[in-house]
Amino acid sequence: MMALQGKVAVVTGAAQGLGKGFAEILLQNGAKVALLDINEKAGKELETQFNEAYGADRTHFYPVDVSSDQQFKDAFQKILSKFGQVDIFCNNAGIINEKQWEKTVSINLCGVVRGTYLALEHMKKENGGQGGVIVNVASLAGLGPLAQTPIYTATKFGVVGFTRALALASEVANYGVRINAMCPAFVRTPLIDSFNSEEQIGQFMGLADFTRSLMEKFPSLEVEEVSKGLLLLVKDDSLNGACLAMMRDGAGLVSFPKEIPKTPVAL
Ligand SMILES: NC(=O)C1=CN([C@@H]2O[C@H](COP(=O)(O)OP(=O)(O)OC[C@H]3O[C@@H](n4cnc5c(N)ncnc54)[C@H](O)[C@@H]3O)[C@@H](O)[C@H]2O)C=CC1
Ligand SMILES: CC/C=C\C[C@H](O)/C=C/C=C\C=C\C=C\C(=O)[C@@H](O)C/C=C\CCC(=O)O
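Values in this document were obtained by computation on a predicted structure and should not be read as measured data.

Parameters and conventions
Residues numbered from 1 in each chain as written. Chains lettered and ligands numbered in written order. Predicted model: local features only at pLDDT ≥ 70, side-chain atom pairs only at ≥ 80, totals over all residues. Heavy atoms only, no water. Helix = DSSP H or I, 4+ residues; strand = E, 2+ residues; numbered from the N terminus. Buried < 20%, exposed > 50% of the residue type's maximum accessible area, 1.4 Å probe, protein only. Contact = heavy atoms within 4.5 Å. Areas by Shrake-Rupley, 256 points an atom, 1.4 Å probe, with all protein chains shown as cover. Lys, Arg positive; Asp, Glu negative; His and termini not counted. Charge placed at Lys NZ, Arg CZ, Asp CG, Glu CD. Salt bridge = Lys/Arg side-chain N within 4 Å of Asp/Glu carboxyl O. Pairing = 2+ DSSP bridges. Axes fitted to C-alpha atoms, helices over the stretch in contact; angles between N-to-C directions. Near = heavy atom within 4 Å. Polar contact = N/O pair within 3.5 Å; in protein donor to acceptor, adjacent residues only side chain to side chain. Nonpolar A, V, L, I, M, F, W, Y, C, P; charged D, E, K, R; others polar. Core = buried A, V, L, I, M, F, W, Y, C linked by side-chain atoms within 4.5 Å. Phe/Tyr/Trp six-rings, centres within 6.5 Å; stacked < 30°, edge-to-face > 60°. Lys NZ or Arg CZ within 6 Å of the ring centre and 35° of its normal.

*Asks:* Describe the overall build of the protein chain, and please don't skip the residues or the numbers.
*Replies:* Helix and strand counts for the protein chain come out as eight helices and eight strands. Oriented by its inertia axes, the alpha-carbon framework of the protein chain measures out at about 55 × 40 × 35 Å. Going through the 267 residues of the protein chain one by one, you find that 51% of them count as buried. Contacts spanning at least 24 positions in sequence make up 70% of the contacts within the protein chain whose residues lie at least 6 apart. As displayed, the protein chain has an accessible area near 12,800 Å², and 53% of this comes from carbon and sulfur atoms. A distance of 4 Å separates the average location of the 25 positive side-chain charges in the protein chain from that of its 28 negative side-chain charges.

Written out as structure tokens, the structure reads:
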């Protein structure tokens with residue numbers, strides 16, 4: 001088990017919701033945490049709140065839009081200057097916007113790739129790094145389709161595929177870095193109301209009742225429950241390429257078939 005005392009973590013989308021919960025559980029377990037978000041006001045307030053609760057200088061907020069290469073790189077350099085190293089990187093920032101679908105891809109998928117590659121370059125042993133762990137936040141919609149949000153679903157399938165492939169690369173090439181994904185069902189955060197927003201859902205607004213019925217099948221989790229899942233993926237040294245599905249009735253590591261299950265067809 002990886003001990004978190006003295007480790008340095010970075011969490012994107014940390015100003016509220018799951019990211020705030022992830023930052024807090026890492027702090028509670030002894031890590032220092034760099035908070036990254038586009039929401040400067042909420043981010044700075046959270047920095048003050050966390051430093052008061054967990055000790056001066058345990059947390060610092062960096063205004064970053066994960067869809068910007070330059071902002072991400074600049075912040076990473078500042079984090080290294082302040083904290084000296086990065087051991088844990090959680091790519092959590094995500095949005096639902098089916099109307100502005102390219103923006104959604106740029107944040108949810110490209111943002112995860114940007115953060116992961118920045119962290120990997122710093123952590124991997126062939127570059128003189130100390131190793132580390134990266135956790136990418138996907139969704140249950142990265143394992144099965146959410147009809148109202150085809151683009152969001154595509155980005156989350158992308159996050160799962162990217163994470164699994166890179167974890168395998170890390171194992172084969174001995175990077176010394178573990179890369180895991182989280183796939184929670186609905187979680188009680190501001191994001192969850194998106195399916196009621198025409199601004200975000202656009203042409204798929206008519207499917208709101210279908211999402212509502214899916215939410216009855218998968219009752220909402222609380223941030224604190226999902227944060228325990230993050231801790232497991234960070235601490236358990238045996239987990240690389242793991243995908244943690246989390247639902248109200250329990251969490252579990254997803255088994256991916258070694259062979260593709262298929263029904264033969266005549267061609
Ligand atoms: N709430 C839910 O039901 C579930 C959420 N997720 C995923 O969890 C992650 C976090 O979601 P929530 O906490 O629920 O959402 P949220 O909307 O409560 O918080 C998202 C945070 O990300 C920040 N953010 C948005 N765009 C950004 C950008 N371009 N750069 C940096 N920060 C940005 C926001 O300012 C906000 O602080 C997302 O990736 C989401 O897809 C996964 C499964 C379920
Ligand atoms: C509006 C979106 C809010 C939050 C997004 C967040 O990422 C949560 C996603 C949670 C659920 C994902 C659903 C995944 C669905 C599936 O696995 C589908 O294959 C199941 C589809 C239909 C089930 C119909 C039924 O059996 O009742």
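*Asks:* Explain the pattern of salt bridges residue by residue, including any values.
*Replies:* Under the counting rule described, the total for this entry stands at eleven salt bridges. Among the salt bridges present, the one from Lys44 reaches Glu40, with a minimum N-O distance of 3.5 Å. Residue Lys44 and its partner Glu40 are both found in helix α2 (residues 40-54); the two are separated by four residues, about one turn of the helix. When its relative accessible area of 39% is taken as the criterion, Glu40 is described as partly exposed.

*Asks:* Tell me about the sheet that holds strand β8 (residues 250-253), and name the residues and values.
*Replies:* An order of β3-β2-β1-β4-β5-β6-β7-β8 is seen for the eight strands of this open sheet, with the pairing classed as mixed. What marks the edges here is a single partner per strand, and that holds for β3 (59-63) and β8. Direction aside, neighbouring strands of the sheet carry axes that sit 15° apart on average. Where strand β1 (residues 8-12) and strand β4 (residues 88-91) come together, three bridges link them in parallel fashion. The residue of β4 that forms the bridge with Val10 is Phe89. Packing against the sheet, helix α8 (residues 223-235) makes contact with β4, β5 (132-137), β6 (177-184) and β7 (243-247), and its axis sits at approximately 160° to β6.

*Asks:* Quick rundown of the site of ligand 2? Include the residues and the values.
*Replies:* By nearness alone, 13 residues border ligand 2, and Ser139, Gly144, Pro145, Tyr152 and Lys217 come closest of all. A distance of 2.7 Å is found between an oxygen atom of ligand 2 and a side-chain nitrogen or oxygen belonging to Ser139. Interatomic distance of 2.5 Å between a side-chain N/O atom of Tyr152 and an oxygen atom of ligand 2. Relative to its unbound accessible surface of 700 Å², ligand 2 loses 77% to contact with the protein. Residue composition of the shell around ligand 2, by class: ten nonpolar, two polar and one charged.

*Asks:* So, the site of ligand 1: which residues are in play, and what are the values?
*Replies:* Taken together, the neighbourhood of ligand 1 is formed by 28 residues, with Asp37, Asn92, Tyr152, Val187 and Thr189 sitting nearest. A distance of 2.9 Å is found between an oxygen atom of ligand 1 and a side-chain nitrogen or oxygen belonging to Gln16. Asp37 has a polar side-chain atom sitting 2.6 Å from an oxygen atom of ligand 1. A total of 830 Å² of accessible area belongs to ligand 1 in isolation, and the protein chains cover 93% of it. Of the residues that constitute the shell around ligand 1, the class distribution is 17 nonpolar, eight polar and three charged.

*Asks:* Break down the nonpolar core for me, citing the residues and quoting the values.
*Replies:* The biggest cluster of nonpolar side chains holds 50 residues, and the ones touching the most others in it are Phe22, Met182 and Leu230. Aside from chain neighbours lying at most four places away, what touches Leu230 is Phe22, Ile25, Leu26, Cys90, Val135 and Met182. Leu36, Val86, Phe89 and Ala167 belong to the second-largest nonpolar core, a separate cluster that totals 35 residues.

*Asks:* Go over the packing of aromatic side chains with me, naming the residues and quoting the values.
*Replies:* Tallied over the full model, the rule gives four aromatic pairs. Taking 6.2 Å as the distance between ring centres and 35° as the angle between the ring planes, the aromatic pair formed by Phe76 and Phe89 counts as tilted. In this pair, Phe76 sits in helix α3 (residues 69-83) while Phe89 sits in strand β4, placing the two residues 13 residues apart along the sequence. As far as the burial class goes, Phe76 and Phe89 line up, both buried. A network of ring pairs unites the aromatic residues Phe72, Phe76 and Phe89 as a single cluster. Positioned over the ring face of Phe83 is Lys82, at 5.6 Å from the centre of the ring.

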